[in-house]
Number of protein chains: 2
Amino acid sequence: MSMSVQSNPYGPNPSDFLSNVNKFELIESTLREGEQFSNAHFDTETKIKIAKALDDFGVDYIELTSPVASEQSRKDCEAICKLGLKAKILTHIRCHMDDARVAVETGVDGVDVVIGTSKFLREHSHGKDMNYIAQSAIEVIEFVKSKGIEIRFSSEDSFRSDIVDLLNIYRTVDKIGVNRVGIADTVGCANPRQVYELVKTLKSVVSCDIECHFHNDTGCAIANAYTALEAGAKLIDVSVLGIGERNGITPLGGLMARMIAADRDYVLSKYKVHKLRDLENLVANAVQVNIPFNNPITGFCAFTHKAGIHAKAILANPSTYEILNPEDFGISRYIHFANRLTGWNAIKSRVDQLNLHLTDDQCKEVTAKVKQMGDIRQLSIDDVDSIIRDFHAEQQTPSLRPAPTTEDDIEPVAKKQKTE
Amino acid sequence: MSMSVQSNPYGPNPSDFLSNVNKFELIESTLREGEQFSNAHFDTETKIKIAKALDDFGVDYIELTSPVASEQSRKDCEAICKLGLKAKILTHIRCHMDDARVAVETGVDGVDVVIGTSKFLREHSHGKDMNYIAQSAIEVIEFVKSKGIEIRFSSEDSFRSDIVDLLNIYRTVDKIGVNRVGIADTVGCANPRQVYELVKTLKSVVSCDIECHFHNDTGCAIANAYTALEAGAKLIDVSVLGIGERNGITPLGGLMARMIAADRDYVLSKYKVHKLRDLENLVANAVQVNIPFNNPITGFCAFTHKAGIHAKAILANPSTYEILNPEDFGISRYIHFANRLTGWNAIKSRVDQLNLHLTDDQCKEVTAKVKQMGDIRQLSIDDVDSIIRDFHAEQQTPSLRPAPTTEDDIEPVAKKQKTE
């Protein structure tokens, strides 16, 4: 258990007997849910490249688009099954024998079956009642099992489904021997305490594993996944950068951040998190999006510290303001010192980097000059280095030149510095 | 209470007596926390523009950078206090009389005081013990109160602080009459159930309001804010797009999405959510970032539906796959039909838009052609329209021309369509 958990009085404790936080598994759905992302159109070569990268990263399952979606989808599914990856290959189908018959012939290790159980979906999507749903489920499950293939049964829009209907159907499919049941927040409406209650209740009704799928419409997909694991769910659906329908699902990288904060040893022993950035770049390029500026871990400033008080403490001990270690991801920490919120500890650290020698009082004095300049305009590192070098030179020959106090005075110095 | 909540069996219930979900307030910190974002350098004009936009949006408080950060920071604080905004103006200072003396002279309505209480920050930042912290807090609080100004006391890194230390200091400051106490997840390590427990416990110790501040390093800042409100916190710190130190804090837009899913009437009565997009664009331009592709509400595909089964149900009733109504934000829903995952209901809807007439069976037939083409390459809307128009023309004069089946056949049709 990592230091961050031990030092947190509200962290995991022995009463968390339900928790799977330190033994969760990932169902990676970039090639299924991710294909439903607006910009996604993966050709065969791209699918294979992504599948291999996911496998190398260490995901437990790779989920693929239904083979009945299109002829090429079926061929691609077969091709990926033949790659001989360590990860188990799944495909995702409607709860229907027509789909199941095609799925079992592709060579997949498992089939994920889904059907809408909410009033909304029963009225406006398939139009079937719960008895019909249960009968279809039993038929499909028994057929897939007879082929020696893993089977998961999931409801859709679970958080707007009737609790009694849900528990009834889950108990039914558990009894006939599904490998997993799935809860899906298809519209992204769920919040963590609801998730905890539903998973905990379901855990008392079924003996199989529980898988959870969370959309991110209201920004809770990572937190809901974490809370589901606390309540006893075992598997979480993710995609790279969270791509999927609308604004997507639980992102692989964000969930890694969350889980490392809970149990760094488990995550690092199982997943190659130092390859996260390459994996995200691969998928971002394939679907033509930029990594969000505020992405956990790989956002451009995820390890940038700016305010003086933060920089001071980070320089003394990175754990003061970091719950994640950038080195785990092959990323560097950055102390932003070229701005008016800077403090003298950050400037002193820069003075040391420049191999100059100033006393603490002198560092405070030059910091005041940096802040004064930062009030006038946005500073570059060159600007600050010029102010520091200039100040340092004055300390050696104090009478030579007055300290710069306005932009006009500074500008030529900064320029001169750049041409040296 | 909105329909989505009523239809959710795990939603709010009468036992949620602690909850402030339907009466929360916002402390908007784009001009304080947001100024600590790597790319932020707000000149006076930009600060005033942002402050006015936030006020128009309806935020309850606007928090500004400490007046001791730099001379211009102090002048800007005074200038914003003189704008006569409806929102109350706060500034954010260290727990120190030097800072407090400057802050009370700026004209602010309130002062937010913060001090690090975790072992990490006590050892590596200010180096003070809890007694010293309590004495400083009392002196600063009594001074600020004597000036007739609101005062908040917050610990920093609260989730890695000792629970007994925390409750002691909160009780002390509550007794001497602070307006609010603050909990801060400064490093972004907290998870929802920890938040619920800490806020609930604190609620039993203090009689003043509770404010919460969540960093987003592990992707839980929105969920933690929501759960804090459920446990009885009253105020949440947000910034536009979540900008702040590292990858930032609870974003205003994401929290609006979360809160609308819980109590749409309250949110719409209080905040001008249709101005969210303009507000985000204003700040994104000022700090030179793009709106993340997966941003809640304003991400480019937040209301785009792609898979055939989703499109079908959305066409019947948008609530099937939407927890938010795009019209609330002045945004349009989009059904993505030009891809191989499409279904015949989406294509039928496009046929209707084109004012053509095909039977359901004919729509299924042309959908198969679209999927076949989508397997070969990424489709544009023009491509699909060409396939539909071509198919429609054939139905009128069946013998004229065979249906296109390969890319070579389709290509000229698609090109011809574009030049018409």
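From a predicted model like this one, the values you see are computed outputs, not experimental measurements. (Residues numbered from 1 in each chain as written. Chains lettered and ligands numbered in written order. Predicted model: local features only at pLDDT ≥ 70, side-chain atom pairs only at ≥ 80, totals over all residues. Heavy atoms only, no water.)

Peer 1: Looking at this structure, how should I read the overall build of chain A?
Peer 2: Within chain A, the secondary structure is distributed over 16 helices and 10 strands. Looking at chain A as a whole, 63% of its 420 residues qualify as buried. Considering only contacts within chain A whose residues lie at least 6 apart along the sequence, 71% involve residues at least 24 apart. Here chain A has roughly 15400 Å² of accessible surface; of this, 47% comes from carbon and sulfur atoms. (Helix = DSSP H or I, 4+ residues; strand = E, 2+ residues; numbered from the N terminus. Buried < 20%, exposed > 50% of the residue type's maximum accessible area, 1.4 Å probe, protein only. Contact = heavy atoms within 4.5 Å. Areas by Shrake-Rupley, 256 points an atom, 1.4 Å probe, with all protein chains shown as cover.)

Peer 1: Is there a simple way to explain helix H9 (residues 221–230) of chain A in this structure?
Peer 2: At 3.6 residues per turn, the α-helix brings residues three or four places apart onto the same side. For H9 of chain A, the tally of buried residues reaches 10 of 10 residues, placing the bulk of the element in the interior. A positive backbone phi angle near 115 degrees is found at Gly232 of chain A, which sits one or two residues after H9 of chain A.

Peer 1: When you look at the sheet that holds strand E6 (residues 180–185) of chain A in this model, what are you seeing that I'm missing?
Peer 2: Pairing between sheet strands relies on hydrogen bonds along the backbone, with the strands arranged either parallel or antiparallel. Residues and elements named next belong to chain A. A barrel is described by the order of its strands in space; here eight strands give the closed sequence E1-E2-E3-E4-E5-E6-E7-E8, paired in parallel fashion. Geometrically, the sheet is characterised by an average inter-axis angle of 25 degrees between neighbouring strands, direction not taken into account. With six bridges joining them, E6 and strand E7 (residues 209–214) adopt parallel strand pairing. Residue Asp185 lies in a different strand from E7, and its bridge partner there is Phe214. (Pairing = 2+ DSSP bridges. Axes fitted to C-alpha atoms, helices over the stretch in contact; angles between N-to-C directions.)

Peer 1: Looking at this structure, I do not really get the packing of helix H14 (residues 360–376) of chain B against helix H15 (residues 381–396) of chain B. What am I missing?
Peer 2: Each pair of packed helices gets described by two things: the angle between the helix axes and the distance between those axes. Residue and element names in this part refer to chain B. Two elements in contact, H14 and H15, have axes whose closest approach is 10 Å; the angle formed by their N-to-C orientations is 140 degrees. With respect to H15, the element H14 is oriented oblique. Between H14 and H15 lies a crossing whose hand is right-handed. Touching Gln362, Glu365, Val366, Lys369, Val370 and Met373 of H14 are Val384, Ile387, Ile388, Phe391 and Gln395, all from H15. (Parallel < 35°, antiparallel > 145°, perpendicular 65-115°, else oblique. Left-handed = near helix turned anticlockwise from the far one by under 90°.)

Peer 1: How do you make sense of the packing of aromatic side chains when you look at a structure like this?
Peer 2: To describe a pair of aromatic rings, one takes the distance between the centres and the angle between the planes. By the definition in use, this model includes 16 aromatic pairs over all chains. With a centroid separation of 5.9 Å and an interplanar angle of 85 degrees, the aromatic rings of Phe37 of chain A and Phe300 of chain B are classed as edge-to-face. Linking Phe37 of chain A in the loop between strand E1 (25–28) and helix H2 (44–57) with Phe300 of chain B in the loop between helix H11 (276–287) and strand E9 (304–305), this pair reaches from one chain into another. Between the aromatic rings of Phe159 of chain A and Phe214 of chain A, the centroid separation amounts to 6.5 Å while the plane-to-plane angle is 40 degrees, which identifies the pairing as tilted. One end of the pair, Phe159 of chain A, is in the loop between strand E5 (150–156) and helix H7 (163–175); the other, Phe214 of chain A, is in strand E7, and 55 residues separate them in sequence. Since its relative accessible area comes to 0%, Phe159 of chain A is described here as buried. Each residue in the set Phe24, Phe57, Tyr266 and Tyr271 of chain A is aromatic and connected to the rest through ring pairs, giving one cluster. The lysine or arginine in question, Arg180 of chain B, covers the ring of Tyr61 of chain B, its NZ or CZ lying 4.9 Å from the ring centre. If you follow Arg193 of chain B out to its NZ or CZ, it ends over the ring of Tyr196 of chain A, 3.9 Å from the centre. (Phe/Tyr/Trp six-rings, centres within 6.5 Å; stacked < 30°, edge-to-face > 60°. Lys NZ or Arg CZ within 6 Å of the ring centre and 35° of its normal.)

Peer 1: Can you help me understand the relation of the copies chain A and chain B in this one?
Peer 2: Two copies of one chain are present, and they are related through a rotation about an axis combined with an axial shift. Under the fitted operation, chain A is carried onto chain B by 0.0 Å of movement along the axis and a turn of 180 degrees, and the coordinates agree to an RMSD of 0.0 Å. Between the two chains, the operation in question is that of a two-fold axis. Minimal C-alpha separation from the rotation axis in chain A is found for Pro292 of chain A, amounting to 2.3 Å. (Least-squares fit on C-alpha atoms with pLDDT ≥ 70 in both.)

Peer 1: Would you take a moment to explain the UniProt feature "domain: Pyruvate carboxyltransferase" (unreviewed entry) in chain A for this structure?
Peer 2: Those places that UniProt annotates as "domain: Pyruvate carboxyltransferase" (unreviewed entry) correspond, in this numbering, to residues 24–283 of chain A. The distance from the first to the last C-alpha atom of residues 24–283 of chain A is 24 Å, and the span holds 45% helix and 17% strand. (UniProt positions renumbered as here; feature names shortened; annotations may be inferred.)

Peer 1: In this structure, what is going on with H14 of chain B? I would like to understand it.
Peer 2: The first and last C-alpha atoms of H14 of chain B sit 25 Å apart over 17 residues, in line with the 24 Å expected at 1.5 Å per residue. For H14 of chain B, the full list of buried residues reads Gln362, Cys363, Val366, Thr367, Lys369, Val370, Lys371, Met373, Gly374 and Asp375 of chain B. (Expected span 1.5 Å × (residues − 1).)

Peer 1: I tried to follow the nonpolar core on my own but got confused; where do I start?
Peer 2: Soluble globular proteins tend to pack their nonpolar side chains together in the buried interior. Membership of the largest hydrophobic core comes to 214 residues, with the highest contact counts inside it found for Ile62, Phe153 and Met256 of chain A together with Ile62, Phe153 and Met256 of chain B. Residue contacts for Met256 of chain A: discarding those within four places in its chain leaves Phe24, Leu26, Phe57, Val267, Tyr271, Val273 and Ile297 of chain A. (Core = buried A, V, L, I, M, F, W, Y, C linked by side-chain atoms within 4.5 Å.)

Peer 1: Quick question: what am I supposed to make of the pairing of strand E3 (residues 88–94) of chain B here?
Peer 2: Remember that side chains alternate between the two faces of the sheet whenever the strand is regular. Residue and element names in this part refer to chain B. E3 sits mainly inside the fold: five of its seven residues count as buried. Pairing geometry for strand E2 (residues 61–64) and E3, over four bridges, is parallel. If you follow Leu64 over to E3, its bridge partner there is Thr91. Pairing between E3 and strand E4 (residues 110–116): five bridges, direction parallel. Bridge pairing in E4 places His92 opposite Asp112. Handedness of the crossover joining E3 and E4 through helix H4 (residues 97–103): right-handed. (Right-handed = clockwise from strand over helix to strand, strands pointing away.)

Peer 1: Looking at this model, I keep getting lost on the interface of chain A and chain B. Mind explaining?
Peer 2: Reports of interface size often rely on the accessible area that becomes lost once the parts have come together. Contact with chain A, which involves 98 residues of that partner, is made by 98 residues of chain B. When chain A packs against chain B, close to 8800 Å² is buried across both sides, 55% of that on carbon and sulfur atoms. Glu35 of chain A serves as the salt-bridge partner of Arg340 of chain B, at 2.7 Å between the closest nitrogen and oxygen. Remark: the boundary between chain A and chain B carries 48 residue pairs in polar contact (both at pLDDT 80 or more). Residue classes in the side of chain A that touches chain B are distributed as 41 nonpolar, 36 polar and 21 charged. (Buried area = accessible area lost by both parts, 1.4 Å probe. Salt bridge = Lys/Arg side-chain N within 4 Å of Asp/Glu carboxyl O. Polar contact = N/O pair within 3.5 Å; in protein donor to acceptor, adjacent residues only side chain to side chain. Nonpolar A, V, L, I, M, F, W, Y, C, P; charged D, E, K, R; others polar.)

Peer 1: In this structure, what is going on with the sheet that holds E3 of chain B? I would like to understand it.
Peer 2: All names here are of chain B. Spatially, the eight strands close up into a barrel ordered E1-E2-E3-E4-E5-E6-E7-E8, and their pairing is parallel. Strand-to-strand twist of the sheet, defined as the mean angle between neighbouring strand axes without regard to direction, takes the value 25 degrees. With respect to the sheet, helix H8 (residues 192–203) is in contact with strand E6 (180–185) and strand E7 (209–214), its orientation differing from that of E7 by roughly 155 degrees.

Peer 1: What exactly am I supposed to notice about the environment of Tyr266 of chain B here?
Peer 2: Residue and element names in this part refer to chain B. Tracing the backbone through its elements, the reader meets Tyr266 in helix H10 (residues 252–270). Residue classification places Tyr266 among the buried positions, given a relative accessible area of 17%. Through-space distance from the C-alpha of Tyr266 to that of Glu394 is 54 Å; in sequence the pair is 128 residues apart. Once residues lying within four places of it in the same chain are set aside, the contact partners of Tyr266 are Asn22, Lys23 and Phe24. In terms of polar contacts, Tyr266 uses its side chain to reach the backbone carbonyl oxygen of Phe24, at 2.6 Å.

Peer 1: Help me understand the domain arrangement of chain A, please; the structure alone is not making it clear to me.
Peer 2: Residue and element names in this part refer to chain A. What the domain assignment reports for chain A is domain 1 (17–287) and domain 2 (304–395). The C-alpha centroid of domain 2 is placed 46 Å from the C-alpha centroid of domain 1. Contact with domain 1, which involves eight residues of that partner, is made by seven residues of domain 2. Taken together, the links from domain 1 to domain 2 amount to one salt bridge. (Domains from an automatic or database assignment.)

Peer 1: Sorry, what's going on with the packing of helix H13 (residues 344–353) of chain A against helix H15 (residues 381–396) of chain A here?
Peer 2: Residue and element names in this part refer to chain A. One way to put it is that H13 packs onto H15 with a least axis distance of 11 Å and a crossing angle of 80 degrees. Taken together, the axis directions place H13 and H15 in an arrangement best described as roughly perpendicular. The residues of H15 that touch H13, namely those facing Ile347, Arg350 and Val351, are Ile381, Val384, Asp385 and Ile388. A per-class count over the contact of H13 with H15 returns five nonpolar, no polar and two charged.

Peer 1: Help me understand the side chain of Gln362 of chain A, please; the structure alone is not making it clear to me.
Peer 2: Topologically, Gln362 of chain A is positioned in helix H14 (residues 360–376). Discounting chain neighbours no more than four positions away, the residues touching Gln362 of chain A are His357, Phe391 and Gln395 of chain A.

Peer 1: Honestly, unusual backbone geometry in this entry has me stumped. Any pointers?
Peer 2: Negative phi characterises most residues that are not glycine, and trans characterises most peptide bonds. Phi at Asp157 of chain B takes a positive value of approximately 55 degrees, unusual for a residue other than glycine. Judged by its relative accessible area of 1%, Asp157 of chain B falls in the buried class.

Peer 1: Got a minute to help me understand the state of the cysteines in this structure?
Peer 2: Disulfides are covalent bonds that connect the sulfur atoms of two cysteines. On inspection of all chains with the given rule, the structure shows zero disulfides over all chains. With no disulfide of its own, Cys81 of chain A lies closest to Cys77 of chain A among cysteine sulfurs, the gap being 4.5 Å. (Disulfide = S-S within 2.5 Å.)

Peer 1: Mind showing me how you'd approach the confidence of the model for chain A here?
Peer 2: Atom-level detail of predicted coordinates should not be read off regions where pLDDT is low. All names here are of chain A. Summarising the model, chain A shows a mean pLDDT of 89, and 91% of its residues fall at 70 or more. In this model, residues 1–8 is a region of pLDDT below 50 whose contacts with residues beyond four sequence positions or in other chains number 18 contacts. Across residues 404–420 the pLDDT falls below 50, and counting only partners more than four positions away or on other chains, this stretch makes 21 contacts in the model. Interface confidence for the predicted complex, given as ipTM, is 0.89, next to a pTM of 0.90. (pLDDT = per-residue confidence, 0-100.)

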